[in-house]
Structures are given as C-alpha cells and as structure tokens.
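Chains, contacts and geometry: an overview
Each chain is listed here by its residues.
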Amino acid sequence: MNVTDQQKRYTLDFGTGWAYDPAPESTDHISLKKKYGHFINGKFVEPAEGNYFETINPATEEKLADIAVGSKADVDAAVKAARKAYDKVWSKMPASERGRYIYRIARMIQERAREFAVIESMDGGKPIRESRDVDVPLAAAHFFYYAGWADKLNYAFPGRTPAPLGVAGQIIPWNFPLLMAAWKIAPALATGNTVVLKPAETTPLTCLKLAEIMQEAGLPDGVVNFVTGAGDTGAAIVNHQDINKIAFTGSTAVGKLIQRSIAGSGKKLTLELGGKAANIIFEDAPLDQAVEGIVNGIFFNQGHVCCAGSRLFVQEGVADAVHQKLTDRLETLIVGDPLDKNTDIGAINSKEQLDRINSYIEIGLNEGAAITQSSCSIPSKGYFCRPTLLQNVSQASRVVQEEIFGPVLTIQTFRTPDEVLEKANNTPYGLSGGVWTDKGSKIFRMTSGIDAGVLWANTFNKFDPTSPFGGYKESGMGREGGLHGLLPYLKI
Ligand code: NAI
Ligand code: MG
C-alpha cells in the first residue's frame, strides 16, 4: 500500500488510536487555463506589455497558471471600459434590472460553488472546509444581499437622493480572494457604479473565474473589469485620474501610502486594514466552548484573517485550565493538504508570509516568550506552520503589538475588567474583539469598552452580509457590509 504523507501524519497525530483516512476533494471537475489575460470590457485580453507572472499552489509549490502583469496602459484600458459602461449603460439602466444581474451572479456562484472552493484552496492554501463552508457561500450571500438593495436605495436613505459615484477602483488581498471581491463588487454594482478590480498577486484565480460568470450572466461589457498584477498595478489604479473611488483591503503600510497618494484628488476612499484583536476569557465563561472559539479565531485559516483573535486575555483563575485545554486541542489540529476535508490548518499563502510569521516567532522568543507548538509533522513541500502559543509576553512585546497574520496566539492574563479593557485597547489597531462570559452585564461592559468595529460575544469570526464590518484607528475607515456598506459608493 502506498502510504501518503498525509496518512503518516494522521497516524502520528492520533498515536496508537484511530486515525482519519485522507479525504481529499477531487480536482477532476475544475478547468483552469494555462494562461490568463486581463478581463477588460467583457473579454480576456493580452497584457499591453506582454508580461506574465506565475501563480502557484502554496501547498505544493507547483505552478497553476500564468497571469498577466497589469501595466499603466492595461489599467487605463480597464478604466476607459468602466467609464464607458457607466455613462452609456449601467447608470442609465433601471435599478431593478441592475439588481437582476446581481442576483444572477449570486445564483451562478452557488451553482459553481464546488469548483470555486477547490480553486480557492489550490491557489491560496486555505482548507477546503473553509473555502467550501465559509468563503464561497458568503460570497454568494453578499451578491444576494446587495442585489436586494439595488432598487431600494431611496428606502435605505429616506428623504435623500442617493446617486452613484462613477468608476470604483478596488484592490484586494490574498486571504479571502473571492469573498473580498464580492464584498467590493456587490455594493458597487448595486449602487450603480462600475468597477476596476485588482486581485492579489498570489490569488488571482477565483477572480478570473468570476469573470467567466460575469460573461455567462450577460453582464454588460465593461461593468466589471479585472486587471491582475502586484503593487505597481495597484498603484496605477490608485493614481488613475478618471477613478472616483478607491476601496482597499490589505496591509496598514500600503493603506497609508494610498491615503497619501490620493489626498486632494477628490477620490472617495475606504480602507480595511490590519488588526490585533483581543479575545477575552472570563472565569465564568463556558471554557470548552471558549477554547473552540479561540481555535476558530486564530488557527483555522492559518491566522490569515485581519479580524483574527490574535491576543488572548485569560482571567487568572482559569489561566492554567485554559492553557491546558488549548494545548490539548492544538495536538488534535490537522495541519496539511488544504484539499483534504479533515484539514484544519492549510498552507501559508506564500513563502514571504511564512518567512514573516517565522521571523515573528523568533522575535517573540528573543523577547523572552515561552512557546508551545503542536508536535504534528508538517509536509516537506509547501509552506506550512504549526499552530503556536506564545506566553510570558508583555504589552510592550512586538508580538503583542504587531500583526503577525499567521497561526500564532499570544496569551496574557488579567484580574479585573478594567485591567483587561486597558490592555485590549492598548494597540494601534481597532478592528475586532471577542468576549467570553456567562454574564450579560460583562458582555455589555466589554463590548462598549473595546475600541473596535466588530465585536463577538461567546463566539468568534462569524459573518453575515447584513452586518457592517470595519475598523477604528489604524484598522481603517469606512464600513463594508450591511446598509452602511452602500454609503461609500454613493453621493447623498
Ligand atoms: P499588501 O497590502 O501589500 O497587499 C494587499 C493588496 O495591495 C495586494 O493586492 C497588493 O498587490 C496591493 N498593493 C501592494 N502595494 C500596493 C500599492 N503601493 N498600491 C496599491 N496596491 C498595492 O499586503 P501583503 O504584502 O500581501 O501582506 C503584508 C501584511 O499585510 C500581512 O502580513 C498582513 O499583516 C497584512 N495584510 C492584511 C490584510 C487584511 O485583510 N487586513 C490582508 C493581507 C495582508
Ligand atoms: Mg497562488
């Protein structure tokens, strides 16, 4: 019998007891082209300068496809197509008809959900369970939700006259490629804008698949355009004269750069940047449930989540118990093949990101942190990181202050609610947070005291298209999702 790496890992993980058999999702049903151009004016086109880069599968380091490098000329062609579609078609169309296109896109994503989930996991490294159960259904849900608003904008803002802005330039990261595209495109279209979007350079494939859906849905040419490439391509979108609005999700450093470069240009801006969420466990919390919430908050999805619960605060009386439960749970997490349905922690998105995570673990150790890592084996090929706990850290530690964006959790203790509030807010970020307690009054106290845009009580990382999402301080500005998510795309 041919014993695969993954089988060996399960046997190791579960010792002499029973083990899961590998359950890999098949890839037979997906079709990828060898080479992708930009999607401009309803068609796939060759890049003006003829250059391509590779997107790889970070779990195998194998090439998946060649992807066009977007130059200023490509961005310009995309903006021209978007402007023409805006002036001639999209802004003139009855709102209910725009809504019908968006509904159609939502339904087509659902129909092709399996294909999208597999490609998302192959291109970005996230476990199939996440892409299948979270990313793809939520992407469809966002299109459904905003389709409903298209012809009801006057009811969203009673007594006002909402009008679209024009062409939206959108730049998204690699942690939720399809979902971020949906978050950006759905409200832009529902409000009557047209779009030029750039996916991240490591994860362009589901956007390019979404382009196929735009074609099949009969969306008028130029309403949605995709230009692929890295930072230079993003900068060409940001600096293009004929764009009315920029929406960016990514690192705080690039967000600040964008803010500076469009200052005074009249472009509207929303930024969704990093985070360093506090996850707070009180003594009266249901501990087993809280441990699952901690694991879901930082380890699933490799910690590649801007709202990840990356700083754990445990009340002293239960600190040892929580640490023990967490350490035990860590041992059962399966790290490996993203396409295996049993996998909890897939591949780190890129070599650069893995290096960054490892350098933070190193920094933590140099700062005196005590480290607990699961003892599982990891595949020899691809970019993988064991789930990691860092204790003996202080508020001043870099690993407590800076975003790591990997499966690394810092653990601190506290005695009183005041103390933990002060610690939780002692960060440049303000995106999200969580609190675990049996007492409703503590939930209210904490959630009104934490400076963050998104707060969860006795749960973590739950999303819904009807809920606004966004941050304070260095986590960004503006909201996506819900009724609030319409505003950045409208003049009122
Ligand atoms: P990044 O901010 O460089 O990339 C995000 C997107 O911005 C990509 O599409 C990229 O091509 C584009 N971009 C890069 N430079 C640009 C520029 N000058 N103008 C316009 N667009 C530009 O993030 P990166 O380097 O991939 O990750 C670095 C760190 O950022 C991560 O370790 C993590 O801490 C954080 N991050 C946060 C995310 C979030 O969801 N808030 C998502 C991705 C990364
Ligand atoms: Mg890739």
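Residues numbered from 1 in each chain as written. Chains lettered and ligands numbered in written order. Predicted model: local features only at pLDDT ≥ 70, side-chain atom pairs only at ≥ 80, totals over all residues. Heavy atoms only, no water.

Neighbouring residues of ligand 1: 26 residues in total, closest W174, E201, S251, L273 and E403. At a separation of 2.8 Å, an oxygen atom of ligand 1 approaches a polar backbone atom of I172. Q353 places a polar side-chain atom, nitrogen or oxygen, 3.1 Å from an oxygen atom of ligand 1. Of the residues forming the shell around ligand 1, the biggest block, three residues, is contributed by helix α9 (residues 231-238). (Near = heavy atom within 4 Å. Polar contact = N/O pair within 3.5 Å; in protein donor to acceptor, adjacent residues only side chain to side chain. Helix = DSSP H or I, 4+ residues; strand = E, 2+ residues; numbered from the N terminus.)

It is worth spelling out the sheet that holds strand β4 (residues 52-57) at this point. Judged by pairing direction, the sheet is mixed, and its three strands sit side by side in the order β1-β5-β4 without closing on themselves. Unpaired on one side and paired on the other, β1 (35-36) and β4 mark the two borders of the sheet. Across two bridges, β1 lies against strand β5 (residues 62-68) in parallel orientation. Looking at the pairing, K35 lines up with D66 of β5. On top of the sheet, helix α4 (residues 113-124) reaches β4 and β5; it is set at about 105° to β4, its chief contact. (Pairing = 2+ DSSP bridges. Contact = heavy atoms within 4.5 Å. Axes fitted to C-alpha atoms, helices over the stretch in contact; angles between N-to-C directions.)

As enumerated under the stated definition, the model contains 14 aromatic pairs in all. Ring geometry for F39 versus F226: centroids 6.2 Å apart, planes at 35°, classification tilted. Taken together, the residues span a long stretch of sequence, with F39 in strand β2 (residues 38-40) and F226 in strand β9 (residues 224-226) at a distance of 187 residues. Of the residues examined, F39 reaches a relative accessible area of 2% and is grouped as buried. A relative accessible area of 0% places F226 in the buried class. On the numbers, 4.9 Å between centres and 80° between planes, the contact of Y145 with Y146 is edge-to-face. Note on accessibility: Y145 and Y146 belong to one class, buried. Put simply, the rings of W183, W456, F460, F463 and F469 pair up and form one aromatic cluster. Lying across the ring of Y52, K35 places its NZ or CZ 4.6 Å from the centre. In this structure, K126 packs its charged tip against the face of F176, placed 3.8 Å from the ring centre. (Phe/Tyr/Trp six-rings, centres within 6.5 Å; stacked < 30°, edge-to-face > 60°. Buried < 20%, exposed > 50% of the residue type's maximum accessible area, 1.4 Å probe, protein only. Lys NZ or Arg CZ within 6 Å of the ring centre and 35° of its normal.)

Another aspect to go through is the nonpolar core. For soluble globular proteins, the rule of thumb is that nonpolar side chains tend to be buried together. Judged by nonpolar contacts, the single largest core of 109 residues is most densely connected at I105, I185, L210 and I281. For this core, the element with the highest residue contribution is helix α7 (residues 177-190), accounting for 11 residues. When we break this core down by domain, the ones giving at least three residues each are domain 1 (35-273 + 475-491) and domain 2 (278-457). In this structure I185 touches F143, Q170, V195, L197, L210, M214, V224 and F226, once residues within four positions along its chain are discounted. (Core = buried A, V, L, I, M, F, W, Y, C linked by side-chain atoms within 4.5 Å. Domains from an automatic or database assignment.)

Moving on, we come to the environment of T252. Position of T252 relative to the elements: it lies in helix α10 (residues 252-262). Between the alpha carbons of T252 and G476 there is a distance of 7.8 Å; along the sequence they are 224 residues apart. Excluding its chain neighbours within four sequence positions, the residues that come into contact with T252 are L273, G274, Y429 and E474.

What follows covers the sheet that holds strand β16 (residues 408-414). Overall, mixed pairing links the seven strands, which are arranged β14-β15-β16-β13-β12-β18-β19 in an open sheet. Edge positions in the sheet fall to β14 (370-373) and β19 (454-457), since each has one partner strand and no second. With strand direction ignored, the average angle separating the axes of adjacent strands in the sheet is 20°. Here strand β15 (residues 388-391) pairs with β16 via three bridges, running parallel.

We now examine the pattern of salt bridges. This model, assessed by the stated rule, comprises 26 salt bridges. Between E25 and R114 there is a salt bridge, and its shortest N-O distance comes to 2.9 Å. Here E25, found in the loop between α1 (5-13) and β1, pairs with R114, found in helix α4; they are 89 residues apart in sequence, far enough to count as distant. Classification of E25 by relative accessible area gives buried; the value is 11%. Residue classification places R114 among the partly exposed residues on the basis of a relative accessible area of 49%. With its nearest N and O atoms 2.7 Å apart, the salt bridge here joins E480 to K184. You can see E480 sitting in the loop between β21 (476-477) and β22 (490-491) and its partner K184 sitting in helix α7, a full 296 residues away along the chain. (Salt bridge = Lys/Arg side-chain N within 4 Å of Asp/Glu carboxyl O.)

Another aspect to go through is the side chain of E272. Relative to the helices and strands, E272 resides in strand β11 (residues 268-272). Beyond its immediate chain neighbours, meaning those up to four positions away, E272 contacts W183, F248, T249, G250, C306, L431, F469, S475 and E480.

In this section: the environment of A188. Its location among the elements puts A188 in helix α7. When its relative accessible area of 0% is taken as the criterion, A188 is described as buried. Distance from A188 to T447, taken between C-alpha atoms, is 30 Å for residues 259 residues apart in sequence. The residues contacting A188, other than those within four sequence positions of it, are Q170, N193, V195 and Y489.

Turning our eyes to something else, we now look at the domain arrangement of the chain. Partitioning the chain into domains gives domain 1 (35-273 + 475-491) and domain 2 (278-457). Contacts between the two partners involve 26 residues from domain 1 and, on the opposite side, 29 residues from domain 2. Between domain 1 and domain 2, the buried area comes to about 2300 Å², and carbon and sulfur atoms account for 54% of it. Taken as a group, R129, W174 and S475 account for 25% of the area that domain 1 buries against domain 2, more than any other trio of residues on that side. For the pair domain 1 and domain 2, the interface holds one salt bridge. The interface formed by domain 1 and domain 2 contains 11 residue pairs in polar contact (both at pLDDT 80 or more). Within the residue set of the side of domain 1 that touches domain 2, elements represented by two or more residues are α4 and α5 (128-149). (Buried area = accessible area lost by both parts, 1.4 Å probe.)

What follows deals with the packing of helix α3 (residues 95-111) against α5. Running from N to C, α3 and α5 point in directions that differ by 165°, and their axes come no closer than 8 Å. The angle between the axes of α3 and α5 places the two elements in the roughly antiparallel class. Here α3 runs over α5; the crossing is left-handed. Taken together, the residues of α5 that come into contact with α3 (itself represented by G99, I102, Y103, I105, A106, R107, I109 and Q110) are V136, A140, F143, F144, A147 and G148. Partitioned by chemical class, the residues of the contact of α3 with α5 number 10 nonpolar, three polar and one charged. (Parallel < 35°, antiparallel > 145°, perpendicular 65-115°, else oblique. Left-handed = near helix turned anticlockwise from the far one by under 90°. Nonpolar A, V, L, I, M, F, W, Y, C, P; charged D, E, K, R; others polar.)

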